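# Chain and residue survey
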Amino acid sequence: MAKSIKIFAPATVANLSCGFDVLGCCLDNVGDEMKISITSIPEVKISKIEGADLPLETQKNVAGVAVEALLKAYDKPVGVDIEIFKKIKAGSGIGSSAASSTGAVWAVNHLLNEPFTPHELVAFAMEGEKLASGNAHADNVAPALLGGFTLVRSYKPLDVIKLHSPSDLVMTVIHPQIEVKTSDSRSVLKQNVDLKKAIQQWGNVGGFVAGLFTENYDLIGRSLEDVIIEPLRSILIPEFKAVKEAAIAKGALGCGISGSGPSIFALSKSMETATIVSEAIREVYSQTGLDFDIHVSKINNQGVRIINQ
Ligand code: HSE
């Protein structure tokens, strides 16, 4: 049995406009790296974090609390050492905390010869999200663990479904270099929803899921609409409207806030369109004077993967 493993922990786009806290998808070429080792001292230790100023204390680190949740359920004395090489910036809206908690539980489960299914790991990784944002949402950790597009059908009991992922879909993501904390971005939301808007939103969730399974790209595009969350959160994101208009004008199927922002995603039907969309978005943001990153990524249908063993 291998005692140590290096893994790629992917970034994710949650919500996908219509599916606040329930829809998400996994990116292919954006993510963290982590080295996880099984040790003889039965404790969870974070021995190294590079690329971000995050706590090394196990109880304050999302990877630490997620692994502790797994080991509690495993119920045998196991020691774990975690090294984190952050590439996803905190507060970016592309699942930075989810990548850390997911990567850690996936790797520990692998090193223990897989006592838990990937679906079972979702609950452990959610403990990291609870620590990071005060809310144990699963729409980033589920796609990072299962790959592709995922739906959280229910939180109580937890019921996560992996959806079909049409191979032509490509994500463009712009990350303006401002930090929007998920907890802050959640605090601007209203606790009650207008019935007419709710009808529109759940119609879109159904349409989006049907569009994925039937590979109906027009339907996917029509369903990428958010009448509840986006109007409240988009004011936190500079040039959101201009980016969205530019992306749609260049052929994106849809465009919206990635997770809790400030990143913005645009979904396209081909790498060619996604690249053209990225240039149009770059043009818009170049005029703001803000620093930003742009990623163009296929959908990662696998989730966390091994770099070396
Ligand atoms: N669904 C969560 C939110 C995702 O929008 O607050 C956070 O990344």
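Further up the page is the structure itself.
From a predicted model like this one, the values you see are computed outputs, not experimental measurements.

Cut-offs applied
Residue numbers here run from 1 along each chain, matching the order of that chain's written sequence. Only residues with pLDDT of at least 70 get local features here, since the model is predicted, and only at 80 or more are side-chain atom pairs given and counted; chain-wide, interface and lining totals rely on the full set of residues. Just so you know, side-chain values use all the structure's heavy atoms and leave hydrogens and water out. Helix and strand definitions follow DSSP, with helices as H or I runs of at least four residues and strands as E runs of at least two, each counted in order from the N terminus. Buried residues are those whose accessible area, probed at 1.4 Å on protein chains only, stays under 20% of the maximum for their type, while exposed residues exceed 50% and partly exposed ones sit between those limits. Any residue with a heavy atom lying within 4 Å of a molecule or strand is counted as near it. Identification of polar contacts relies on pairs of N or O atoms within 3.5 Å, with a donor-acceptor requirement for protein atoms, meaning one able to donate a hydrogen and the other able to accept it, and with residues adjacent in sequence counted only if both atoms are side-chain atoms. Ten residues, namely Ala, Val, Leu, Ile, Met, Phe, Trp, Tyr, Cys and Pro, are considered nonpolar, four, namely Asp, Glu, Lys and Arg, are considered charged, and the remaining ones, Gly among them, are considered polar. The pairing test for Phe, Tyr and Trp rings, Trp by its six-membered ring, is centres within 6.5 Å, and the orientation test on the planes gives stacked under 30 degrees, edge-to-face over 60, and tilted for anything in between. We count a charge as sitting over a ring when the NZ of a lysine or the CZ of an arginine lies within 6 Å of the ring centre and within 35 degrees of the ring normal.

You can see S167 is positioned in the loop between β6 (159-162) and β7 (170-176). In this structure S167 comes out as exposed when scored by relative accessible area, which is 66%. In the structure, S167 is positioned 132 residues away from I299 in sequence and 7.6 Å away in space, judged by C-alpha atoms.

Below, the discussion takes up the site of the ligand. Inspection of the region around the ligand gives A14, N15, F20, D21, H137, D139, N140, T182, R186, R233, G259 and S260 as its neighbouring residues. Take N15: an N or O atom from its side chain is 2.8 Å from an oxygen atom of the ligand. A distance of 2.7 Å is found between an oxygen atom of the ligand and a side-chain nitrogen or oxygen belonging to R186. Residues that form the shell around the ligand fall into these classes: two nonpolar, six polar and four charged.

Moving on, we come to the packing of aromatic side chains. Overall, the coordinates contain three aromatic pairs when judged by the stated rule. On the basis of an interplanar angle of 65° and a centroid distance of 5.9 Å, the ring pair of F149 and F208 is categorised as edge-to-face. With F149 in strand β5 (residues 149-154) and F208 in helix α6 (residues 195-214), this pair connects stretches of sequence that are 59 residues apart. For F149, a relative accessible area of 0% translates into the label buried. The class of F208 is buried, set by a relative accessible area of 0%. Look at Y285 and F292: their rings are 5.7 Å apart centre to centre, the planes differ by 65°, and that puts the pair in the edge-to-face class. Judged by relative accessible area, Y285 falls into the buried class, the value being 0%. One residue, K6, lies across the ring of F85, its end atom 5.1 Å from the ring centre.

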